[in-house]
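Take a look at the letters that make up each chain.
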Amino acid sequence: MPESAFKGTVKEGFERRYTVINERDFEKHVPESVKEKFRLIFNNVAAWIEDGRKKEGKEPFNNYIVINLDEPYVNDIIRIMKEHGHWEGPEIQECDYCGTPAQKLRPTPFMSDVPACMCKHCWDMTKEEYAASHGEEIGDFEDYPHFK
């Protein structure tokens, strides 16, 4: 099932595989009465995972680099991950107008720009401008029949 926290990001439609807790947020926002209980339970869970990985012949634990999806360089990271076969989930394409990765792109409404495609953000901006300048509606992004 897709993770609802990814809605509106380049990970929209992906399932959650990893859970990351910002240690500073943990210290700042979690009540003291809960912190020690959490640490005990988490350490037990981590030990079971490490033992299971050892039995599978793997390293007991992995280390990761965490990148926020709202970083300005996230598109570069995604491109590199794709090049090395480490981008799983729905195919991501780039909007021909803004360069933002998106799972859904819609063909441009402008004949002169065919075969260019737009992301929802660009479509919504174009829709407003088009209606204001031409007095016509180009429809909602989601109404594209291939999305059904």
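All values derive from a computational prediction rather than experimental measurement. (Residues numbered from 1 in each chain as written. Predicted model: local features only at pLDDT ≥ 70, side-chain atom pairs only at ≥ 80, totals over all residues. Heavy atoms only, no water.)

A. Representation of the overall build of the protein chain. Of regular secondary structure, the protein chain possesses 4 helices and 4 strands. Its helices and strands in sequence order give the protein chain the pattern α-α-α-β-β-β-β-α, from N to C terminus. For 148 residues, the compact-globule formula gives about 15 Å, and the C-alpha radius of gyration of the protein chain, at 22 Å, lies well above that figure. Here the C-alpha coordinates of the protein chain stretch approximately 65 × 40 × 30 Å along the principal axes. Across the 148 residues that make up the protein chain, the buried fraction comes to 20%. Distance between charge centres in the protein chain, computed from 20 positive and 29 negative side chains, equals 7 Å. (Helix = DSSP H or I, 4+ residues; strand = E, 2+ residues; numbered from the N terminus. Rg over C-alpha atoms; globule rule 2.2 N^0.38 Å. Buried < 20%, exposed > 50% of the residue type's maximum accessible area, 1.4 Å probe, protein only. Lys, Arg positive; Asp, Glu negative; His and termini not counted. Charge placed at Lys NZ, Arg CZ, Asp CG, Glu CD.)

B. How the structure looks around the layout of surface pockets. Counted as a void, the largest pocket has a volume near 2,200 Å³. Along the wall of the largest pocket there are 48 residues; nearest its centre are Tyr18, Thr19, Val20, Tyr64 and Val66. Of the residues forming the lining of the largest pocket, the biggest block, 9 residues, is contributed by helix α2 (residues 32–55). Residues of the lining of the largest pocket, tallied by class, amount to 27 nonpolar, 10 polar and 11 charged. In this structure, the second largest pocket encloses a volume near 550 Å³. The wall of the second largest pocket is formed by 17 residues, among which Gly8, Thr9, Glu12, Ala102 and Lys120 lie closest to the centre. Taken together, the elements giving at least two residues each to the lining of the second largest pocket come down to β2 (101–102) and α4 (120–134). Residue classes in the lining of the second largest pocket are distributed as 6 nonpolar, 6 polar and 5 charged. (1 Å grid on protein atoms, 1.4 Å probe; cavity = no way out; pocket = protein on both sides within 12 Å on 5 of 7 lines; lining within 4 Å. Points joined across faces, edges and corners; volume = space filled by probe spheres on them. Nonpolar A, V, L, I, M, F, W, Y, C, P; charged D, E, K, R; others polar.)

C. Summary view of a negative patch on the surface. Residues Asp76, Glu94, Asp96 and Asp113 make up a contiguous surface patch of negative charge. With respect to the helices and strands, Asp96 occurs in the loop between β1 (93–94) and β2. (Patch = residues over 30% accessible without salt bridge, like charges linked within 9 Å, V, L, I, M, F, W, Y side chains within 5 Å. Areas by Shrake-Rupley, 256 points an atom, 1.4 Å probe, with all protein chains shown as cover. Salt bridge = Lys/Arg side-chain N within 4 Å of Asp/Glu carboxyl O.)

D. Expanded view of the pattern of salt bridges. Here the structure, examined in full by the defined rule, presents 7 salt bridges. In this structure, Arg39 engages Glu27 in a salt bridge whose closest nitrogen and oxygen atoms are separated by 2.4 Å. In this pair, Arg39 sits in helix α2 while Glu27 sits in helix α1 (residues 23–29), placing the two residues 12 residues apart along the sequence. We note a salt bridge from Lys58 to Glu56, for which the minimum N-O separation is 3.3 Å.

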